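# Results of the structural survey
What follows is each chain in one-letter form.
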Amino acid sequence: MKKKMLAILLVLSVAAGSAGCSSAEGETAGQEETDPSADAAETDGAEKTDDTAETEEASAVKDQIVAFIPGRPDSAFYDFANEGVQSYADEWGMEVRYINDYPDTPEGQADAVRQALTQGVDAICISVADAGAVSEALQEAADIGVVVCTWESDAYPQDRSLMIAPGAPESIGRLLAEMGADALGKRGTDPGAEPVRYCWHYSAAADKDQNFWQYEGERYIAETYPNWENIAPDNYYSGQDPQQAVSAGSALLEEHPDVDLILCNDPTALLGQLQAADDAGLTGEEITITGLASPSSVREYYDKGLLYQWGLWDSQTLASIGCYAAAYLAAGNSVAVNDEVAVPGIGTYTVEANERIETGAGTGEENSGVLLFEEFLRFDDYNIDDFDF
């Protein structure tokens, strides 16, 4: 069983708890002096070994062909992710085919999977819009020996090999709740003491990833902010449709004019909710809205003062890890839970069981599991101008 390492670009880490570090004790009185030139030689040797290892990791995917299928076609977010993927693919000597010319429906994404199969690819890396809609197509891929890995949004675990998750559900749920709390504070509300009426608006009950994020967010809120009240426990859904997102957002505001905070699990819902609030003449002093989206997509509402803080993950790195993992397995390598997987120029991750992101999910003995990214970006007044995606 081959072990593998995976390197990652750190921008901002949201961890489950405090992280500690330790350092070695200084030299003792009777310790012999060391030869600085010998230390330098050892360092040079280590650097050469590291370079050799990275070259070997890159050669492990050389000449592999991966189909990269976005969660939605014609999306600036996924187009940006593809730019990063293509840059890394060139370095690794593999080919990535970006398939984004499909109808913007769950069934259309299944057709994109089948389109990839007709092109003779070795592997598929996909952000899944609807796990049920693509299940049969992904099984067809497995039947003919095409490796499937997912990133950002998962398929059914039995329909893919590895999932490269942006984070564990509890991490993302906590991120959403804390961004809401921070934004409430910025408009003068004490999130830990004052009553807060909140609710959720996201894509669909069928989106299992976003449901897990919402579930874990609810658990975190109940433990951390018992003074908060969910005034719409059934949630508002808009199917990742821009027009529906505005309509659902407007309905939410009409039915709950006293809402203080709206948490949006996906970019389309966040954009629609912001537009609905803008149409209603609301400002960030009257309502707090936060969620997941790229900086450029919501910049208009930030400039209007409707948005204080929101977040996302580094889509270019996350997607690149997914494409590398797919190519690595397609090249005949194998991994199991607790093995390490490495992506040259990025970083190292450990394969974890599928249950880490989905309660009760089984994990195969080989080439099955999850890699957790656990790196998030939070955007606000201090860094909004530092990003251009």
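Tallying secondary structure elements over the chain gives 10 helices and 15 strands in all. For the chain, buried positions account for 54% of its 389 residues. Here the contacts in the chain between residues at least 6 apart in sequence split such that 74% fall between residues at least 24 apart. Total accessible area on the chain is roughly 17000 Å²; 46% of this is exposed by carbon and sulfur atoms.

Moving on: the sheet that holds strand β2 (residues 95-98). Strand order in this open sheet of six strands is β2-β1-β3-β4-β5-β14, and the pairing throughout is parallel. Lying at the two open borders of the sheet, with one neighbouring strand each, are β2 and β14 (369-372). The sheet shows a mean angle of 20° between the axes of neighbouring strands, direction not considered. By the bridge criterion, four bridges tie strand β1 (residues 65-69) to β2 in an arrangement that is parallel. Across the sheet, A67 pairs through a bridge with R97, a residue of β2. Set on the sheet, helix α10 (residues 315-330) makes contact with β1, β2, β3 (123-126), β4 (147-151), β5 (162-165) and β14; between it and β4 the angle comes to about 165°.

So, on to the pattern of salt bridges. Counted by the stated rule, this structure contains 17 salt bridges. One salt bridge in this structure joins K304 and E300, with 3.4 Å as the shortest N-O distance. The salt bridge partner of R356 is E352, with a shortest N-O separation of 3.2 Å. Classification of R356 by relative accessible area gives partly exposed; the value is 32%.

On to α10. Taking 1.5 Å of rise per residue, 16 residues should cover 22 Å, and α10 covers 22 Å from first to last C-alpha, within 8% of that figure. A large share of α10 lies buried, amounting to 15 of its 16 residues. Its side-chain oxygen 3.2 Å from the backbone nitrogen of Q316, D314 forms the N-cap of α10. A positive phi of about 105° marks G332, the residue just after α10.

Right, let's get into the side chain of S320. Looking at the secondary structure, you find S320 in helix α10. Look at S320 and you get buried, because its relative accessible area is 0%.

The next point concerns the packing of helix α7 (residues 242-255) against helix α8 (residues 267-279). Close contact between α7 and α8 brings their axes to 7 Å; oriented N to C, the two are set at 50°. Relative to α8, the element α7 lies oblique. Read as a crossing pair, α7 and α8 show a hand that is right-handed. Taking contact as the criterion, the partners of P242, A245, V246, G249, S250, L252 and L253 in α7 are, on α8, T268, A269, G272, Q273, Q275, A276, A277 and D279. Its residues assigned to classes, the contact of α7 with α8 shows eight nonpolar, six polar and one charged.

Looking now at the nonpolar core. One finds W151 and W313 to be the most contacted residues of the largest nonpolar core, which totals 87 residues. It is α10 that provides the largest number of residues to this core, a total of 10 residues. I99, A116, A141 and V146 belong to the second largest nonpolar core, which has 22 residues in total.

Criteria and cut-off values
- Residues numbered from 1 in each chain as written.
- Predicted model: local features only at pLDDT ≥ 70, side-chain atom pairs only at ≥ 80, totals over all residues.
- Heavy atoms only, no water.
- Helix = DSSP H or I, 4+ residues; strand = E, 2+ residues; numbered from the N terminus.
- Buried < 20%, exposed > 50% of the residue type's maximum accessible area, 1.4 Å probe, protein only.
- Contact = heavy atoms within 4.5 Å.
- Areas by Shrake-Rupley, 256 points an atom, 1.4 Å probe, with all protein chains shown as cover.
- Pairing = 2+ DSSP bridges.
- Axes fitted to C-alpha atoms, helices over the stretch in contact; angles between N-to-C directions.
- Salt bridge = Lys/Arg side-chain N within 4 Å of Asp/Glu carboxyl O.
- Expected span 1.5 Å × (residues − 1).
- Polar contact = N/O pair within 3.5 Å; in protein donor to acceptor, adjacent residues only side chain to side chain.
- Parallel < 35°, antiparallel > 145°, perpendicular 65-115°, else oblique.
- Left-handed = near helix turned anticlockwise from the far one by under 90°.
- Nonpolar A, V, L, I, M, F, W, Y, C, P; charged D, E, K, R; others polar.
- Core = buried A, V, L, I, M, F, W, Y, C linked by side-chain atoms within 4.5 Å.

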